[in-house]
Structure formats: C-alpha cells, structure tokens
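One-letter residues, chain by chain:
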Amino acid sequence: MGIDAQVEKILQSYATYGGINCSGAESFPNRENVVTIIHDLQSLINPGYKRAETLDATNLRYETGQKINRIISMLTKEIQKAFIYEIRKQDDSKNVEKSRCFGLAEATSIALIDEIPELRRQIYLDIQALYEGDPAAKSDEEVIVSYPGLDAIVIYRVAHFLYKSGVPVIPRIMTEYSHSRTGIDIHPGAQIGESFFIDHGTGIVIGETTVIGKNVKIYQGVTLGALSVKKEYMDKKRHPTIEDNVTIYANATILGGETVIGEGCTIGGNTWVTKSVPAHTNYYNKG
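Reference entry: report on the structure contained in this document. Everything numeric in this text was worked out from a predicted model, so none of it was measured.

**Things to note about the nonpolar core**
Part 1: Ranked by size, the top nonpolar core spans 44 residues in total, and within it Leu41, Ile79, Leu112, Leu150, Leu162, Ile170 and Met174 carry the most contacts.
Part 2: For this core, the element with the highest residue contribution is helix 4 (residues 98–133), accounting for ten residues.
Part 3: Not counting residues up to four positions away in its chain, the partners in contact with isoleucine 170 are Pro29, Val34, Glu78, Ile79, Ala82 and Leu162.
Part 4: The next biggest cluster of nonpolar side chains, apart from the first, holds 26 residues, and it includes Ala190, Ile192, Ile248 and Ile261.

Written out as structure tokens, the structure is:
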C-alpha cells in the first residue's frame, strides 16, 4: 500500500472515531503547553532549583517578570480553550463568546499570579514539615530538589487554586502529569491543610472530596478513597475526612465520605478503615 493510500485510511479513521485536537481557541487544552506552564510555575515558586537558570541580585526582577508574562500568556490561552470546551460540552448549540471566555481566562491567570506569595507561604510550611518529619532530610534545599512528595504537593496547590476558580480540565491535567512523574495521585478537588507531609509517596491516592487538616503525615501506598465508584455519586462526598495532626502509615486504606479520622490519630500500616476513628486513637491491624 502506497503512502497516499495509508494517509487516506488514517484520515478516514479520524472522521470515524474523532480524537483530533486542532490548534486554536476552540480546541481542547494542549497537554504539552500545560506541562510547560507547570515548569514555569515551579521555577517561579522555587527559582533556581527546578531548571538551569542564571540568577543573581541584578537579574532576579527581570527573570521573574519574564516568567510571569509567559505564564499569563500561555495559561490564558489554555484556560480559554477549557472554558469554550466546557460550554460546548453542556450545550453544543450555544453561542460561545470567545472574547468573554478570553477575559475570564486572563483574569484567572492573573489571579493565580497574585496568589503566588500565599502559595509560597503554604509550600514553605510543607517543606518544613518534610524536613522536620524525615530524619534522612539534611536541608530544606534537599527537600526542594529531590523529594517527589513536595513536587506533588506544589503542583496540587497550584491545580487546587485553578479548580476552586472554576477552571475545567486543566487542574486535572496538572495533577495527572504529577501522578505520572511521582506515582502520587492527588485529585485537584481535594482540600489539604498546611504543613502536609508525604514521605516516599509512591502509590498514594487522594480522592476528589477528601478533606485533610493541618500537620498530617502520609506514607507510601496510602489510599484515601471511595466506598463506591458509581457515577450517580459524582456530586456527593465520597472520600474521607482526616483531621489535624494525624499520621497514616504505609499501605493503609481509608474509604468513605462519612469516615472521619479524628484529630491526633495514628493509623497503622496495612489497615483497612471504613468507619470513623475517634480522636487520639492508635488504630492498627492486629492480624
């Protein structure tokens, strides 16, 4: 079969099955662009650690301004696509005001940049929690450059801001990119308090309606999940609430929207929890 015939067959499959993401405002957000934005945001939050940059006191202001401009420009275009896609998904016949979507997207991008100092404050507390909670950590800087748990938390906190701002799709692209890199799956809709500690991290799953308080420690393999994954439960609280100062050890599974792990609890490794645990309880598998 010649190349022309091969091209024709592939084009026919496009027409039959779809799955094409053309460029332009009416397309679906582009994953590679979102990943580029993530890298810029990581560099804005912790400059000089995540990419090769020549930074000093004379050029820091300029470099920061360059990053901000680039993030706002790229993120605005991707958020506009997400808004237009969501409107058309709900009602394909509805007339989409592209300029209004662009304006909302730009305002959201600027709001994210305005939020960076607050995000940096939260992330600083996360870094301190990791450093103080892990005897193997030798410095804050080591945590920033080498701990996958912190990478997952940073991306989650950015994605959660966009999720709360009503941005479709893009927050999930961000956290799933982080998932693919770290093995830590945090839904952007989860609510996570300050000084969050993730050690090792591989295999952690934190569902969309999870609520986590302050000073919580979670180790590898922990699942904070739902008792049922039926579609009709999509708008209900399906995942547990973890109150302040709780430690959850490796491979524990905690399920259910009505399940509350009380303040100060310790949940042992390899436990299966589907009912609430009173505050200040040591809960473990007696096997």
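Next, the rest of the story.
**Some points on the pattern of salt bridges**
Part 1: Per the counting criterion, the structure on display carries nine salt bridges.
Part 2: Here glutamate 194 makes a salt bridge to arginine 121, at a shortest N to O gap of 2.5 Å. Placement of the pair is glutamate 194 in the loop between strand 2 (191–192) and strand 3 (197–199) and arginine 121 in helix 4, with a sequence separation of 73 residues.
Part 3: With a shortest N-O distance of 2.9 Å, arginine 238 and glutamate 208 are connected by a salt bridge. Of the two residues, arginine 238 is situated in the loop between strand 7 (223–225) and strand 8 (241–242) and glutamate 208 in the loop between strand 4 (205–206) and strand 5 (211–212); the sequence distance between them amounts to 30 residues.
Part 4: Residue glutamate 208 is classed as partly exposed on the basis of its relative accessible area, which comes to 22%.
Part 5: Look at the salt bridges and you will find they share partners, linking Glu118, Arg121 and Glu194 into a network.

**With respect to the sheet that holds strand 8**
Backbone hydrogen bonds hold the strands of a sheet together, and the pairing may be parallel or antiparallel.
Part 1: The parallel open sheet is built from four strands, whose spatial order is 2-5-8-11. One side of each edge strand has no neighbouring strand; the edge strands of this open sheet are strand 2 and strand 11 (260–261).
Part 2: Inspection of the sheet shows strand 8 paired to strand 11 by two bridges, in the parallel sense. For isoleucine 242, the partnering residue across the bridge sits in strand 11 and is isoleucine 261.

**Here's the deal with empty space enclosed by the protein**
Part 1: One pass over the full model with this rule turns up two cavities of 30 Å³ or more.
Part 2: If you trace the largest cavity, you find it lined by Gln42, Ile45, Asn46, Lys50, Ile144, Leu150, Asp151 and Val154.
Part 3: Among the elements of the structure, helix 2 (31–45) and helix 6 (148–164) are those that each provide at least two residues to the lining of the largest cavity.
Part 4: Looking at the lining of the largest cavity element by element, the count peaks at three residues for helix 6.
Part 5: Taken as a whole, the second largest cavity encloses approximately 40 Å³ of empty space.
Part 6: Lining the second largest cavity are Ile38, Leu41, Gln42, Val154, Ile155, Val158 and Met174.
Part 7: Contributing elements (two or more residues each) for the lining of the second largest cavity: helix 2 and helix 6.
Part 8: Residues belonging to the lining of the second largest cavity are distributed by class as follows: six nonpolar, one polar and no charged.

**Here's the deal with unusual backbone geometry**
Part 1: Here asparagine 245, not a glycine, exhibits a phi torsion of approximately 60 degrees, which is positive.
Part 2: Along the chain, asparagine 245 falls in the loop between strand 8 and strand 9 (247–248).
Part 3: The backbone of asparagine 251 sits at a positive phi, close to 65 degrees, despite the residue not being glycine.
Part 4: Looking at the element boundaries, asparagine 251 is found in the loop between strand 9 and strand 10 (253–255).

Criteria and thresholds
- Residues numbered from 1 in each chain as written.
- Predicted model: local features only at pLDDT ≥ 70, side-chain atom pairs only at ≥ 80, totals over all residues.
- Heavy atoms only, no water.
- Core = buried A, V, L, I, M, F, W, Y, C linked by side-chain atoms within 4.5 Å.
- Buried < 20%, exposed > 50% of the residue type's maximum accessible area, 1.4 Å probe, protein only.
- Helix = DSSP H or I, 4+ residues; strand = E, 2+ residues; numbered from the N terminus.
- Contact = heavy atoms within 4.5 Å.
- Salt bridge = Lys/Arg side-chain N within 4 Å of Asp/Glu carboxyl O.
- Pairing = 2+ DSSP bridges.
- 1 Å grid on protein atoms, 1.4 Å probe; cavity = no way out; pocket = protein on both sides within 12 Å on 5 of 7 lines; lining within 4 Å.
- Points joined across faces, edges and corners; volume = space filled by probe spheres on them.
- Nonpolar A, V, L, I, M, F, W, Y, C, P; charged D, E, K, R; others polar.

In short, shape yes, function no, at least from these values alone.
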